[in-house]
Amino acid sequence: MSSTASAHAAHGDPHGHGGGHSGADHESAHGGHGSHPSYVAHHFDTAKQQFDTGKFGIWMFLVTEVLFFSGLFCAYLLYRAHHPEIFIYAHHYLDTKLGAINTIVLLFSSLTMAWAVRAAALGQKKVLVWMLILTLACAFGFLGIKYIEYSHKIHDGLVWGRAFNPAHLVEDYHGPDPKNVHIFFGIYFGMTGLHGIHVLGGIVVIGWLLKRALRGEFHSQNYGAVDFVGLYWHLVDLIWIYLFPLLYLIH
Amino acid sequence: MSDSQLATTSAPRVHAAEPEQNYLNCSRGFWSWALTLDHKRIGVMYLAGVTFAFFLGGVFALAVRTELIAPGYTIMDADTYNQMFTLHGAVMVFLFLIPSIPASFGNFVLPVMLGAKDVAFPKLNLMSFYLWVTGAIFFVAVLFTSGLDTGWTFYTPYSTTTGTSVVFATMGAFILGFSSIFTGLNFIATIHMMRPPGMGWFRMPLFLWGLYATSLIQVLATPVLGITLLLLIVERLAGVGIFDPAMGGDPVLFQHFFWFYSHPAVYIMILPAMGVMSELFATFSRKHVFGYRFIAMSSVAIALLGFLVWGHHMFVSGQSRLIGMVFSAITFSIAIPSAIKVFNWLATMYKGVIWLTTPMWYALSFLFLFGIGGLTGLFLGTMSTDIHLHDTYFVVAHFHYVMVGGTLIAFLGAMHYWWPKMFGKMYNEKLGAIGAWGVFLGFNLTFFPQFVLGTRGMPRRYYNYEEWEGFESLHFWSTMGSYLLGASLMLILVYLIQSLVKGKQAPVNPWGAASLEFTTSSPPPHFNFDVTPTVGEPYDFDDLVFDAKTGGYVRQEARNS
């Protein structure tokens, strides 16, 4: 049976391609039977296949993101295991209050992002636009607070490598003498910096979503992009949820 | 359907004089290629790109071999020599071997074999091509700035202290990594989501299983290389000190990070090659591939086990003996799925009707060379022998037998197998066989003496050796072999390009293969198939018979009815 099928394919079934399609009108060449809406790319059969493929792809991308960060988490783990005193000592320099506020800001932005996905799926254009604007505002807020933190650290000489030159020492610390405290700040700036770059990336893609949302491109049959960016945003949030206790709340 | 019907309707597409519509001529102009989303054109662009990279890496290799032909200064000083072998390794690994088969032939063939219209994310596909180009530009920038002399492995602390263009090279490798990740992601999504009805997992041609396993590694391992290189860049530019022992950092951590990617990367290079082999052995033995499920699953097994063996590169780095034993044991276990493949290919040929075409010569070369490459790996996976062989020419010979004898041979085999499909032209079969034999002999002459050099104590990466050491004649023959290899490769390039101009029109199915890409015209139309194909058994050769009219193979029933 299978060989019969292949035989047909081998010669290109002469009855199969009635319509004259010369490479020029590609889009119509294989649109299939009837409806192939403009938001479904030519190589997908249905909107559902396109949505599922996109979802599969974004999850895989998130796996690569986790692995990308994993190198830094490994470095953290290793140095913390070998030199716990550096981490216990140096974390006192971090501003837990600002870190906590930023955690709340990001958690709230995850809520608004999730709401945006729901609004897109239900075709509520106005809600979608507002939720995206709120999410963007949170992202900018997060970076603003991070900027304040960074500038304090840099001002006090709390940086990586040989430039490490603290303006003051930690007072309430009673443990072994920590050497190479700059390693902590190398890891701190590495992890939060890479996270910050991801927040910036999030701002770009959410801005792109906002532009498309204002044009009214999203509706219940076509809201994949919002969903996928949403997943990315939740991951950025999740990574911060790990960074906050690992860097700020050490005891 | 009758013959008369064929003649009136579909036959003109097979052997007509007037040019037919296909993916090559459906649109013209620079931008129709530069901005194409067609996986076939992207595959062809990749093929041109990786071939150029291979040429570049080959020139460096010949420079290295020429320097080593005799003791003392031959054509370059020691610093230039260090740059040459570094650039040879880095260009070959990052620009050629890793993207070679998947990005060129994989891109071209994967959707067609699957019966799909394109890969899942065509724009991402184009983007990964341009990332490859950008990475390549960075490597060229290295050439025109202060060069690179760290070895392709970028080991710290040397790479953080040398005055050469480490940042350009690592930026290049970083960007190439993303190209590789996106290709892998695209392939996995395509194989999962774009299979047409009837194409079950175990009805996929084995090349697709090879690509699937490769893509898993690309997606799971490459991000770790990305962050490692980023840390190296930050270390160099900002002096973070994470890998610098003088600042409390750990240089061996870099080695762990690096090999966590780079060992699996070895399987990125070899798994697609093995996939090609499964196609070649079945097609040219005219016999159903033996042990389909075992070959398919052994690809996945190799991909997964490959993540657990990186420590065998570090037996002499001071890691604990226990860890060394664990890594050694897991390394040996990879021999099992590799051997499963080799024995299954042998069993496929057994009592088959072996047809010695150019691709089949490459397949037989692969079996022989990969066999030697794999078995010599056992000496390096054993800690007690590795202590002696570590960093000698034995290692160089071993991985060249796998990377060249495996991946390059399979790349050439794939090129000769799919060339008629990609460009619609047949090449000169006699020159093809001469080229294949030249590559085989030249390769062995180059690298077999290096096993002997290694066991006699010649360290790798050395600029010089003394006359009394007795390495001279072995080095001489090795260099001669490299010239023969280079000349054979040039011959191949020449007759392949000539075939584009003067070659005979290729039939739909020149080899009598049973997978779907050989059911569409050569070259395929823009959307791969004029009619969505019905999926059959990929290794059913029974009723494929030669059709003198087209010069290719057709299904018997179609011919007789």
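Structure: above.
A short tour of the structure in this document, coming up.

Basis of the calculations
- Residues numbered from 1 in each chain as written.
- Chains lettered and ligands numbered in written order.
- Predicted model: local features only at pLDDT ≥ 70, side-chain atom pairs only at ≥ 80, totals over all residues.
- Heavy atoms only, no water.
- Helix = DSSP H or I, 4+ residues; strand = E, 2+ residues; numbered from the N terminus.
- Rg over C-alpha atoms; globule rule 2.2 N^0.38 Å.
- Buried < 20%, exposed > 50% of the residue type's maximum accessible area, 1.4 Å probe, protein only.
- Contact = heavy atoms within 4.5 Å.
- Areas by Shrake-Rupley, 256 points an atom, 1.4 Å probe, with all protein chains shown as cover.
- Lys, Arg positive; Asp, Glu negative; His and termini not counted.
- Charge placed at Lys NZ, Arg CZ, Asp CG, Glu CD.
- Salt bridge = Lys/Arg side-chain N within 4 Å of Asp/Glu carboxyl O.
- Bend = angle between axes of the 7 residues up to and from the residue.
- Polar contact = N/O pair within 3.5 Å; in protein donor to acceptor, adjacent residues only side chain to side chain.
- Core = buried A, V, L, I, M, F, W, Y, C linked by side-chain atoms within 4.5 Å.
- Patch = residues over 30% accessible without salt bridge, like charges linked within 9 Å, V, L, I, M, F, W, Y side chains within 5 Å.
- Expected span 1.5 Å × (residues − 1).
- 1 Å grid on protein atoms, 1.4 Å probe; cavity = no way out; pocket = protein on both sides within 12 Å on 5 of 7 lines; lining within 4 Å.
- Points joined across faces, edges and corners; volume = space filled by probe spheres on them.
- Nonpolar A, V, L, I, M, F, W, Y, C, P; charged D, E, K, R; others polar.

1. Re the overall build of chain B
Assigned secondary structure in chain B consists of 19 helices and two strands. Whereas a compact globule of 561 residues would reach a radius of gyration of roughly 24 Å, chain B reaches 24 Å, a difference of no more than 12%. The principal-axis extent of the C-alpha atoms belonging to chain B is close to 80 × 45 × 45 Å. Within chain B, the proportion of its 561 residues that are buried is 62%. A separation threshold of at least 6 residues defines the contact pool for chain B, and within that pool the share at least 24 residues apart is 80%. Total accessible area on chain B stands at roughly 19700 Å², and carbon and sulfur atoms take up 70% of it. Distance between charge centres in chain B, computed from 27 positive and 28 negative side chains, equals 10 Å.

2. Section: the pattern of salt bridges
All told, the structure shown has 11 salt bridges over all chains when counted by the stated rule. Notably, a salt bridge pairs Lys55 of chain A with Asp227 of chain A, separated by 2.8 Å at the nearest N-O pair. Here Lys55 of chain A is found in helix 3 (residues 47-82), whereas its partner Asp227 of chain A is found in helix 8 (residues 224-248), with 172 residues between them in sequence. For the salt bridge of Asp540 of chain B with Arg555 of chain B, the shortest nitrogen-to-oxygen distance reads 3.9 Å.

3. What to know about unusual backbone geometry
Backbone geometry follows two general trends: most residues other than glycine have a negative phi, and most peptide bonds adopt the trans configuration. Residues and elements named next belong to chain B. Cis geometry marks the peptide bond from Thr156 to Pro157; its omega dihedral reads 0 degrees. By the element assignment, Pro157 lies in the loop between helix 7 (122-144) and helix 8 (158-161). The peptide bond linking Ser522 to Pro523 adopts the cis configuration, its omega dihedral lying at -10 degrees. Tracing the backbone shows Pro523 in the loop between helix 18 (472-502) and strand 1 (544-547). Positioned with a positive phi, Phe154 is a non-glycine residue whose angle comes to about 55 degrees. Mapped onto the secondary structure, Phe154 falls in the loop between helix 7 and helix 8.

4. Some thoughts on helix 16 (residues 393-423) of chain B
Since there are 3.6 residues in each turn of an α-helix, residues three or four apart along the chain are aligned in direction. Residues and elements named next belong to chain B. Tyr417 marks the point of greatest bend in helix 16, at about 45 degrees, and the proline Pro420 comes within the next four residues. Between the side-chain oxygen at the start of helix 16 and the backbone nitrogen of Phe394 there is a gap of 3.1 Å, and the oxygen is on Thr392. Remark: Gly424 follows helix 16 within two positions and exhibits a positive phi of approximately 75 degrees.

5. So, the nonpolar core
Within the largest apolar cluster, 257 residues are counted, with the highest numbers of intra-cluster contacts made by Phe184 and Phe185 of chain A together with Phe94, Phe366 and Trp418 of chain B. Not counting the four nearest positions on each side in its chain, Phe366 of chain B is found in contact with Ile270, Ala273, Met274, Met277, Trp345, Gly371, Gly405, Gly406, Ile409 and Ala410 of chain B.

6. Some points on a negative patch on the surface
Residue and element names in this part refer to chain B. A cluster of acidic residues, Glu466, Glu467, Glu469 and Glu472, forms a negative patch on the protein surface. Within the secondary structure, Glu466 is located in the loop between helix 17 (429-455) and helix 18. Take Glu466: its relative accessible area is 41%, and that puts it in the partly exposed class.

7. Things to note about helix 11 (residues 251-285) of chain B
Residue and element names in this part refer to chain B. Look at helix 11: 51 Å from first C-alpha to last across 35 residues, which is about the 51 Å you get at 1.5 Å a residue. The largest bend in helix 11 amounts to roughly 30 degrees and is located at Trp259. Among the 35 residues in helix 11, 31 count as buried, and that is most of the element. Here helix 11 starts with a cap whose side-chain oxygen sits 3.0 Å from the backbone nitrogen of Val252, and that cap is Asp250. Residue Arg286 follows helix 11 closely and has a positive phi angle near 50 degrees.

8. Some points on empty space enclosed by the protein
Empty space among the atoms becomes apparent when a probe as large as a water molecule is rolled across them. Residue and element names in this part refer to chain B. Applying the stated criterion to the full structure yields four cavities of 30 Å³ or more. There is about 120 Å³ of room inside the largest cavity. If you go around the largest cavity, you meet 16 residues; those closest to its centre are Phe94, Ile98, Pro99, Leu176 and Ser180. A total of six residues in the lining of the largest cavity trace back to one element, the largest contributor, which is helix 9 (residues 166-193). Taken together, the residues of the lining of the largest cavity sort by class into 10 nonpolar, six polar and no charged. If you add up the space inside the second largest cavity, you get close to 50 Å³. Lining the second largest cavity we find Met113, Met199, Arg203, Pro205, Ala514, Ser515, Leu516, Val535, Gly536, Glu537 and Pro538. By residue class, the composition of the lining of the second largest cavity is seven nonpolar, two polar and two charged.

9. A look at the environment of Leu271 of chain B
Turning to its location among the elements, Leu271 of chain B is positioned in helix 11. Ignoring anything within four residues of it in the chain, the contact list for Leu271 of chain B reads Gly210, Ala213, Thr214, Ile217, Ser299, Ile302 and Ala303 of chain B.

10. Brief notes about the environment of Lys549 of chain B
Residues and elements named next belong to chain B. Summarising the element assignment, Lys549 is placed in the loop between strand 1 and strand 2 (552-555). The exposed category is assigned to Lys549, whose relative accessible area is 59%. Remark: the alpha-carbon pair of Lys549 and Pro507, spanning 42 residues in sequence, is separated by 9.6 Å.

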